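Residues per chain are reported as follows:
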Amino acid sequence: MSPEDFDRLQTLVATRTGNRLRRDRMNLAEHRLGPVARRAGFDSVDTMLATLWSKPVAGLAWDVIESQLNGETWFRRDREAFLTMSQELLPALSQARRGQTLRIWSAGCSTGQEAWSLAMCALDLNLDVEVVGSDLNRIALQKAHKGAYTGFEIQRGLAAGTMVRWFRPEGELWTADDTLKQVVRFERLNLLDTPSADDEAPRFDVIFCRHVLIGMEPAARALVLQGLERRLVDDGCLFLAPSENLNGESLAFRPVSGRRGLHVKSPTFLQDAA
Amino acid sequence: MSSRLCLIVDDSRIIRKVSRRIVEALGFDVDEAADGAEALTFCTGAMPDVILLDWNMPVMDGLTFLRRLRAMPDGGSPKVLFCTIETAVDRITEALAAGADDYVMKPFDGEILHAKFAEVGAV
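Keep in mind that this is a model prediction, so the values were computed, not measured.

K.L.:
Describe the overall build of chain B, naming the residues involved and giving the relevant values.
P.N.:
Counting its regular elements, chain B contains 5 helices and 5 strands. Tracing chain B from N to C terminus, the helices and strands come up as β-α-β-α-β-α-β-α-β-α. Expected size for 123 residues packed as a compact globule is a radius of gyration near 14 Å; at 13 Å, chain B falls within 12% of this value.

K.L.:
Summarise the overall build of chain A; cite the residues concerned and give the values.
P.N.:
Each helix and strand counted, chain A has 12 helices and 10 strands in total. By the compact-globule yardstick of 19 Å for 274 residues, chain A fits well, its C-alpha radius of gyration being 20 Å. Its C-alpha atoms give chain A principal-axis dimensions of about 60 × 55 × 35 Å. Here chain A, with 274 residues, has 41% of them falling under the buried criterion.

K.L.:
Can you tell me about the sheet that holds strand 2 (residues 129–135) of chain A, naming the residues and giving the values?
P.N.:
Residue and element names in this part refer to chain A. Within the open sheet, the 7 strands sit side by side as 6-2-1-7-8-10-9. Their pairing is mixed. Of all the strands in the sheet, the pair left with one neighbour each is strand 6 (184–188) and strand 9 (253–255). Ignoring strand direction, the axes of neighbouring strands in this sheet form an average angle of 25°. Running over the sheet, helix 6 (residues 113–124) touches strand 1 (102–107), strand 2, strand 6 and strand 7 (204–208) and is turned about 170° from strand 2. Strands strand 2 and strand 6 of the sheet are contacted by helix 7 (residues 138–146), whose axis makes an angle of about 165° with strand 6.

K.L.:
Could you give an account of the environment of Leu 90 of chain A, with specific residues and numbers?
P.N.:
Residue and element names in this part refer to chain A. As for its placement among the helices and strands, Leu 90 is situated in helix 5 (residues 79–97). Sequence separation of Leu 90 and Leu 125 is 35 residues, and the distance between their C-alpha atoms is 8.2 Å. Leu 90 has contacts with Met 85, Cys 121, Ala 122, Leu 125 and Leu 127, leaving out every residue within four places of it along the chain.

K.L.:
Lay out the environment of Ser 44 of chain A with the relevant residues and their values.
P.N.:
One can find Ser 44 of chain A in the loop between helix 2 (26–39) and helix 3 (45–54). Separated by 43 residues in the primary sequence, Ser 44 of chain A and Met 1 of chain A place their C-alpha atoms 9.8 Å from one another.

K.L.:
I'd love a proper account of the nonpolar core, names of residues and values included.
P.N.:
Nonpolar side chains in soluble globular proteins tend to end up buried together. Judged by nonpolar contacts, the single largest core of 93 residues is most densely connected at Ala 119 and Ile 207 of chain A together with Leu 53 and Leu 81 of chain B. Ranked by the residues each element gives to this core, the list is headed by helix 6 of chain A, at 7 residues. Residues in contact with Leu 53 of chain B, not counting those within four places in the same chain, are Val 9, Gly 62, Phe 65, Leu 66, Val 80, Leu 81, Phe 82 and Cys 83 of chain B. By size, the runner-up hydrophobic cluster in this structure holds 13 residues, among which are Ala 29, Ala 37, Val 64 and Ile 65 of chain A.

K.L.:
So what about helix 4 (residues 58–67) of chain A? Which residues, and what values?
P.N.:
Of all the residues in helix 4 of chain A, the buried ones are Asp 63, Val 64, Ile 65, Glu 66 and Ser 67 of chain A. In this structure, the buried side of helix 4 of chain A is in contact with helix 1 (3–17), helix 2, helix 3 and helix 7 of chain A.

K.L.:
Go over the interface of chain A and chain B, please, and point to the residues and values.
P.N.:
With 12 residues of chain A at the contact, the number on the chain B side is 16 residues. Mapped onto the side of chain A that touches chain B, the elements with two or more residues apiece are helix 8 (151–155) and helix 9 (160–166) of chain A. For the side of chain A that touches chain B, the residue count by class is 6 nonpolar, 4 polar and 2 charged.

K.L.:
Break down the packing of helix 2 (residues 36–45) of chain B against helix 3 (residues 62–71) of chain B for me, citing the residues and quoting the values.
P.N.:
Residues and elements named next belong to chain B. The interhelical angle for the contact between helix 2 and helix 3, taken along N-to-C directions, is 25°, at an axis separation of 9 Å. As far as their axial angle goes, helix 3 and helix 2 are roughly parallel. As helix 2 runs across helix 3, the sense of the crossing is right-handed. Contacts between helix 2 and helix 3 involve Gly 36, Ala 39, Leu 40 and Cys 43 on the former and, on the latter, Gly 62, Thr 64, Phe 65, Arg 68 and Leu 69. Class assignment for the residues of the contact of helix 2 with helix 3 results in 5 nonpolar, 3 polar and 1 charged.

K.L.:
So what's going on with the confidence of the model for chain B? Residues and values would help.
P.N.:
Residues and elements named next belong to chain B. Mean pLDDT for chain B: 93, with 98% of residues reaching 70 or above. Predicted confidence in chain B is weakest over helix 5 (residues 110–119), with a mean pLDDT of 91, and strongest over strand 3 (residues 50–53), with 97. Here the predicted complex carries an ipTM of 0.88, next to a pTM of 0.92.

K.L.:
Tell me about the pairing of strand 8 (residues 232–239) of chain A, and please be specific about residues and values.
P.N.:
All names here are of chain A. Alignment of strand 7 against strand 8, held across 4 bridges, turns out to be parallel. Among the inter-strand pairings, Phe 208 is bridged to a residue of strand 8, identified as Phe 239. Chirality of the crossover, the property in question, places the unit of strand 7, helix 11 (residues 218–231) and strand 8 among those that are right-handed.

Scoring rules and cut-offs
- Residues numbered from 1 in each chain as written.
- Chains lettered and ligands numbered in written order.
- Predicted model: local features only at pLDDT ≥ 70, side-chain atom pairs only at ≥ 80, totals over all residues.
- Helix = DSSP H or I, 4+ residues; strand = E, 2+ residues; numbered from the N terminus.
- Rg over C-alpha atoms; globule rule 2.2 N^0.38 Å.
- Buried ≥ 20, exposed ≤ 12 C-beta atoms within 10 Å, placed from the backbone.
- Pairing = 2+ DSSP bridges.
- Axes fitted to C-alpha atoms, helices over the stretch in contact; angles between N-to-C directions.
- Contact = placed C-beta atoms within 7 Å.
- Core = buried A, V, L, I, M, F, W, Y, C linked by C-beta atoms within 7 Å.
- Nonpolar A, V, L, I, M, F, W, Y, C, P; charged D, E, K, R; others polar.
- Parallel < 35°, antiparallel > 145°, perpendicular 65-115°, else oblique.
- Left-handed = near helix turned anticlockwise from the far one by under 90°.
- pLDDT = per-residue confidence, 0-100.
- Right-handed = clockwise from strand over helix to strand, strands pointing away.

Below, the structure written as structure tokens:
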């Protein structure tokens, strides 16, 4: 891949997803394009890119873009957040909602481990819950939807007792059981597509959007945060990764002290909106 | 702060060596035993904080060791993680019922062991 190819790739990914590919990771970018080129029948990454630049086809462009997104995830990643959910937030929310179905969104769910982890938290407390996992990467979403993980994947973050309670061995894979599958669904969504202010879709009580903003440019982050705000109920909670600080870049959210990564809507913002 | 102790019980010298490298990286002192009987002797002298335990071993297997350990005074204190090639659900359930804190299916890697240690509260 030439530096010119990388520049165009960087622009393509930034425009469509808000993610800024790092120049010092050019090798990684090229490595990730290898399987895309093979699947699309090109003899090399260079040929594929040359074709893409000369006659841009949306399908191929998205395959290329999606391959560049960092999809690393595991069960109960940053487990502090899941403890906060199980011990404090979910019990409080279920009391406040008086038996209404709780809606939780795993935004940028990649291969789904976070969505399943959230569902297990809620079901362990016998709560009525609906979990939605969304991502841009269709290959990751397929895997998430199957809910089938290798021995390595299933053990990363999941205690054995939890694993055998919620997953069934099928050959080499461990597959989410039907009780779990009934409360989780996955859909493709670009977080840059913000809903309009009068969007009627039901909002979420809790949103997990972790390790997503970190790779994004400031303008994209602002747009994503605006979308998250519009999809979250006014007394809802937003979890970013423990290392992700907004540093005042959003007026809509403020961090909750003592709970790393946890954010709620700012009271001043709510007044302004009203 | 005194460093914490992890006992690795496995009849394979190679597995012990691999596990040792991972566990030392998590900040533990490590000692090794090649079967359940050796491990019991070790625990009589000094109770470790964490025990990585293989299932099938000569002299005394892991499950027998675990039951005897849990019957010892202070034998409830170590976090015990089974580490075996057994992946059948009833085996896993049996190990947990016998007092294992968690269960690791081989093959495993450093990331898995780190996550498991975190899940049982050992790190």
